[in-house]
Amino acid sequence: MKITLLSRSASISSTKRLVEAGRARGHQVRVLNPVRVEMHLDGQRATLYYRRRKLSLCDVVIPRIAQSISNYGLAVVNQFAMCGVPLVNTARAIAESRNKLRSLQLLSAHGIDIPATVMARDAADLKAMVGLVGGVPVLVKLLQGQEKHGVMVCESLQSLEAALEAILGLGHNLVVQQYVQNTGQDVRVLVVGGRAVAAVRRRPRFGRLSYTLNRGARLERIELTELQRQAAEKTATLVGLEVAAVDLLDVQEGHPKVFEVNSSPALLEMEAATGLDLARIIIERAEVLGSGGARVGLPEPEPEPTPPSRRKRVPKASASGA
């Protein structure tokens, strides 16, 4: 197959692993920087160019769109879809996962347990609503923040107020979320094609709050409980992601809460912890989709039927012509 990887650089570790796995299975794999892709529309056809040269189409696209170029990158992903190229993750599913509140609303509406969350546009309102999420400490998250950025833990009302005023003053939208204390760990599940294929427990460095485990955390392979597996697989399916990292917290043993969904998970560290070739599993799923295999996820909503137009009745002229 001809596989296209949309990534800012071929040297990024996860991108590099996917290229290696694809070529090991005999595929032609190219890496395109999304910001170098140009798009043309004229109402009849969609065309793609790369550095002003028309792009030849491929069999399947694996998007790994950086948060910093999200709007443009998702337009590129959508343009490939308009050209009839199968996508591992669609633009709609990626966008859904990146809006933290909207994805939590979707999960909550379908019975997925999530940490208590509040959102408002005014710092005073948010501070007053902290009791609804269990009081301080709380997590403060930018709605469009990156996985490793845009999240902070506020341990007092004073630090929370300062953070809220600063962030809202910059024009960012945010949510305040329950901070689950005394767990000291969380679980990341990699879901591919609607199936949980690997899971790790992430332990923070000594002296760090549990949510700051992106920085120097130790990963340990674990076997999922059935409830954890169901929560992760249902989450990925609801959001519509073929490849997703679903982050869970266990408030009580066996009762997972979903607090994050990521559409471009890092692979290298998780492969090292699990001993699994996760890049190959993703490439195998891309092969299925590129061959016309069915996607996971809820069916697209049917368009609303257009009501028939009602014509006004024009009174007929009288026979006398009056």
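Predicted model only: the values in this text are computed from it and were never measured.

Remarks on the overall build of the chain
(1) Moving on: Across its full length, the chain holds nine helices and 15 strands.
(2) Moving on: Within the chain, buried positions represent 47% of all 322 residues.
(3) Moving on: In the chain, the share of contacts with a sequence separation of at least 24, taken over all contacts with a separation of at least 6, comes to 66%.
(4) Moving on: Only carbon and sulfur atoms are counted for the fraction: they give 50% of the accessible area of the chain, which is about 16,900 Å².

Description of the sheet that holds strand β4 (residues 46–50)
(1) Moving on: If you walk across this open sheet you meet the three strands as β3-β4-β5, and the pairing is antiparallel. This sheet does not close on itself; its edge strands, each paired only once, are β3 (37–41) and β5 (53–54).
(2) Moving on: In this sheet, β4 lies alongside β3 in antiparallel orientation, the contact comprising five bridges. Its bridge partner lying in β4, Leu41 is registered against Ala46.
(3) Moving on: Packed onto the sheet, helix α2 (residues 70–82) meets β3 and β4 and runs at close to 55° relative to β3.

A short note on the pairing of strand β12 (residues 195–203)
(1) Moving on: Counting buried positions along β12 yields seven of nine residues, so the element is predominantly enclosed.
(2) Moving on: Summarising the sheet, strand β11 (residues 186–192) and β12 pair through seven bridges and their orientation is antiparallel. Across the sheet, Arg188 pairs through a bridge with Val200, a residue of β12.
(3) Moving on: Count of turn residues in the β11/β12 antiparallel hairpin: two residues, of which Gly193 carries a positive phi of about 65°.
(4) Moving on: As paired strands, β12 and strand β13 (residues 218–221) are joined by four bridges and run antiparallel to one another. From the neighbouring strand, Arg201 faces β13, where its bridge partner is Glu220.

Overview of the confidence of the model for the chain
(1) Moving on: Of the residues in the chain, 83% reach a pLDDT of 70 or more, and the chain-wide mean stands at 86.
(2) Moving on: Predicted confidence is poor over residues 206–214, with pLDDT under 50, and the contacts of this stretch with residues over four places away or in other chains come to 25 contacts.
(3) Moving on: Low pLDDT, under 50, characterises residues 318–322; the stretch is placed with zero contacts to residues that sit more than four places away or in other chains.

Details of the pairing of strand β1 (residues 2–6)
For a regular strand, the rule is simple: side chains alternate between the two faces of the sheet.
(1) Moving on: With four of its five residues buried, β1 lies for the most part within the structure.
(2) Moving on: Summarising the sheet, β1 and strand β2 (residues 28–32) pair through five bridges and their orientation is parallel. Bridge pairing links Lys2 to Gln28 in β2.
(3) Moving on: For the crossover from β1 across helix α1 (residues 13–24) to β2, the handedness is right-handed.
(4) Moving on: As paired strands, β1 and strand β6 (residues 60–63) are joined by four bridges and run parallel to one another. Paired with Ile3 across the strands is Val60, a residue of β6.

Overview of the environment of Val239
(1) Moving on: Relative to the elements of secondary structure, Val239 occurs in helix α7 (residues 226–239).
(2) Moving on: Judged by its relative accessible area of 6%, Val239 is buried.
(3) Moving on: Separated by 144 residues in sequence, Val239 and Ala95 place their C-alpha atoms 9.5 Å apart.
(4) Moving on: Excluding its chain neighbours within four sequence positions, the residues that come into contact with Val239 are Ala93, Glu96, Ser97, Leu106 and Leu107.

Side note on a positive patch on the surface
(1) Moving on: Taken together, Arg8, Arg36, Arg51 and Arg52 make up a surface patch of like positive charges.
(2) Moving on: On the secondary structure map, Arg36 appears in the loop between β2 and β3.

Some remarks on the nonpolar core
Taken as a class, soluble globular proteins show a tendency for nonpolar side chains to be buried jointly.
(1) Moving on: Leu6, Phe80, Leu107, Val189 and Val258 are the most contacted members of the largest nonpolar core, which has 42 residues in total.
(2) Moving on: Top contributing element to this core by residue count: α7, with five residues.
(3) Moving on: Residues contacting Val189, with those up to four places away along its chain left out, are Ala196, Ala198, Ala199, Leu224, Ala232, Ala244, Ala245, Val246, Leu248 and Met270.
(4) Moving on: With 24 residues, the next largest nonpolar core counts Leu18, Leu190, Leu267 and Leu289 among its residues.

Thoughts on helix α6 (residues 157–169)
(1) Moving on: Between its terminal C-alpha atoms α6 stretches 18 Å, which fits the 18 Å expected from 13 residues at 1.5 Å a residue.
(2) Moving on: For α6, every residue scored as buried is listed here: Leu160, Ala163, Leu164, Ile167 and Leu168. Taken down its axis, α6 places every buried residue within 115° of arc, on the same side. Seen from the open side of α6, the exposed residues pointing more than 90 degrees away from its buried face are Gln158 and Gly169.
(3) Moving on: One or two residues past the end of α6 sits Gly171, with phi positive at roughly 90°.

Overview of the pattern of salt bridges
(1) Moving on: Inspection of the entire model under this criterion finds 17 salt bridges.
(2) Moving on: Among the salt bridges present, the one from Glu161 reaches Lys127, with a minimum N-O distance of 3.2 Å. Taken together, the residues Glu161 in helix α6 and Lys127 in helix α5 (residues 123–128) connect sequence positions 34 residues apart.
(3) Moving on: Given the relative accessible area of 32%, Glu161 is considered partly exposed.
(4) Moving on: Ionic pairing is found between Arg188 and Asp247, a salt bridge with its closest N-O pair at 2.8 Å. Placement of Arg188 in strand β11 and of Asp247 in strand β14 (residues 243–252) is noted, with a sequence separation of 59 residues between them. For the pair Arg188 and Asp247, a shared accessibility class is recorded, and that class is buried.
(5) Moving on: Sharing partners across several salt bridges, the network here consists of Arg17, Glu20, Glu271 and Asp277.

The rules behind these values
- Residues numbered from 1 in each chain as written.
- Predicted model: local features only at pLDDT ≥ 70, side-chain atom pairs only at ≥ 80, totals over all residues.
- Heavy atoms only, no water.
- Helix = DSSP H or I, 4+ residues; strand = E, 2+ residues; numbered from the N terminus.
- Buried < 20%, exposed > 50% of the residue type's maximum accessible area, 1.4 Å probe, protein only.
- Contact = heavy atoms within 4.5 Å.
- Areas by Shrake-Rupley, 256 points an atom, 1.4 Å probe, with all protein chains shown as cover.
- Pairing = 2+ DSSP bridges.
- Axes fitted to C-alpha atoms, helices over the stretch in contact; angles between N-to-C directions.
- pLDDT = per-residue confidence, 0-100.
- Right-handed = clockwise from strand over helix to strand, strands pointing away.
- Patch = residues over 30% accessible without salt bridge, like charges linked within 9 Å, V, L, I, M, F, W, Y side chains within 5 Å.
- Salt bridge = Lys/Arg side-chain N within 4 Å of Asp/Glu carboxyl O.
- Lys, Arg positive; Asp, Glu negative; His and termini not counted.
- Charge placed at Lys NZ, Arg CZ, Asp CG, Glu CD.
- Core = buried A, V, L, I, M, F, W, Y, C linked by side-chain atoms within 4.5 Å.
- Expected span 1.5 Å × (residues − 1).
- Arc of directions from axis to C-beta.

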